[in-house]
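# Per-entry structural report
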Amino acid sequence: MNIDPKMDPRKFWEETYEKASPKTSGKPSAILERFVKDRPTGHALELGCGKGDDAVWLAKQGWTVTAADISETALGYAKANAKRNGVESQITFEAHDLTKSLPEGVFDLVTAQFLQSPVEFAREAVLIKAAAMIATGGLLLITTHGSRPSWSWAPEDTIYPTPQEALAALALDTGRWCEIAVDNFERMATGPKGEKGSVIDTVIALERL
Ligand SMILES: C[S@@+](CC[C@H](N)C(=O)[O-])C[C@H]1O[C@@H](n2cnc3c(N)ncnc32)[C@H](O)[C@@H]1O
């Protein structure tokens, strides 16, 4: 896929979701489920919620969720997803270009599952700001692609940072965070056309001290 990295991010993501089916897998991200299922519930902030499966899963676990995305179309799909699942009253969906604004609040969980973009995106700056919104005892959970499956839009020569490099890029004050996991996790995944393949998720899970 040939994507101009200078393309306007809102336009890029709108066009992406307009072409996509509103259908969802109905399942949460594997890493979200793994690291959050046994935690006490509270107020979660989801960055880049897409079609809303993670927000819906969180709400079903008892979380109150604020879910943000740049694409109004994605947010429309996510709202319909929440309604279908009877959890719309627990989720506030907000449209933000997260490089310009974030939802307001103090959160017990900030989750960013594949908050990645093929167009220019000051991602680390967003994550650093969001990390500062986490309450004592809250969790920062970031998952990024750590490998390139056949269906990926990433260039073939993409170099994936190690989990430690990804953490270092956030320049967090490590004395103020307890490391739950900074690691790679392998799983079987399904691509948009049903392709199956093994993928690596690079995970940063930190608890605010
Ligand atoms: C790769 S998708 C991941 C979606 C979802 N979290 C998932 O795991 O399926 C990246 C998401 O981030 C959103 N996004 C990208 N750039 C953004 C920005 N600047 N502000 C807010 N959301 C953004 C996109 O619209 C998209 O929904």
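Preceding block: the structure.
Anyway, here's the lowdown on the structure attached to this text. (Residues numbered from 1 in each chain as written. Predicted model: local features only at pLDDT ≥ 70, side-chain atom pairs only at ≥ 80, totals over all residues. Heavy atoms only, no water.)

Our focus in this paragraph is the nonpolar core. Counting residues in each nonpolar core, the largest one holds 27 residues, and the members touching the most others are V36, L58, I91, F93, L109 and L141. At the level of secondary structure, the elements contributing two or more residues to this core comprise α2 (30–36), α3 (53–61), β2 (64–69), α4 (72–84), β3 (91–95), β5 (134–145), β6 (177–190) and β7 (196–208). Element by element, the count of residues in this core is highest for α3, at 5 residues. If we skip the residues at most four places from it in the chain, L109 touches L32, V36, H43, A44, L45, L58, W63, L139 and L141. Ranked by size, the runner-up nonpolar core spans 25 residues in total, among them L45, V126, L127 and I142. (Core = buried A, V, L, I, M, F, W, Y, C linked by side-chain atoms within 4.5 Å. Buried < 20%, exposed > 50% of the residue type's maximum accessible area, 1.4 Å probe, protein only. Helix = DSSP H or I, 4+ residues; strand = E, 2+ residues; numbered from the N terminus. Contact = heavy atoms within 4.5 Å.)

With that out of the way, let us pick up the packing of aromatic side chains. Taken as a whole, this structure holds 5 aromatic pairs when the rule is applied. Seen in terms of ring centroids, F12 and W13 are 5.0 Å apart; in terms of plane orientation they differ by 85 degrees. Their pairing is edge-to-face. For the pair F12 and W13, one class covers both residues: buried. In this structure, R208 packs its charged tip against the face of W177, placed 5.2 Å from the ring centre. (Phe/Tyr/Trp six-rings, centres within 6.5 Å; stacked < 30°, edge-to-face > 60°. Lys NZ or Arg CZ within 6 Å of the ring centre and 35° of its normal.)

Ordered in space as β3-β2-β1-β4-β5-β7-β6, the 7 strands form an open sheet in which the pairing is mixed. Only two strands of the sheet have a single partner each, and these edge strands are β3 and β6. Neighbour to neighbour, the strand axes of the sheet diverge by 15 degrees on average, direction disregarded. One ladder, built from 7 bridges, connects β5 with β7; its direction is antiparallel. (Pairing = 2+ DSSP bridges. Axes fitted to C-alpha atoms, helices over the stretch in contact; angles between N-to-C directions.)

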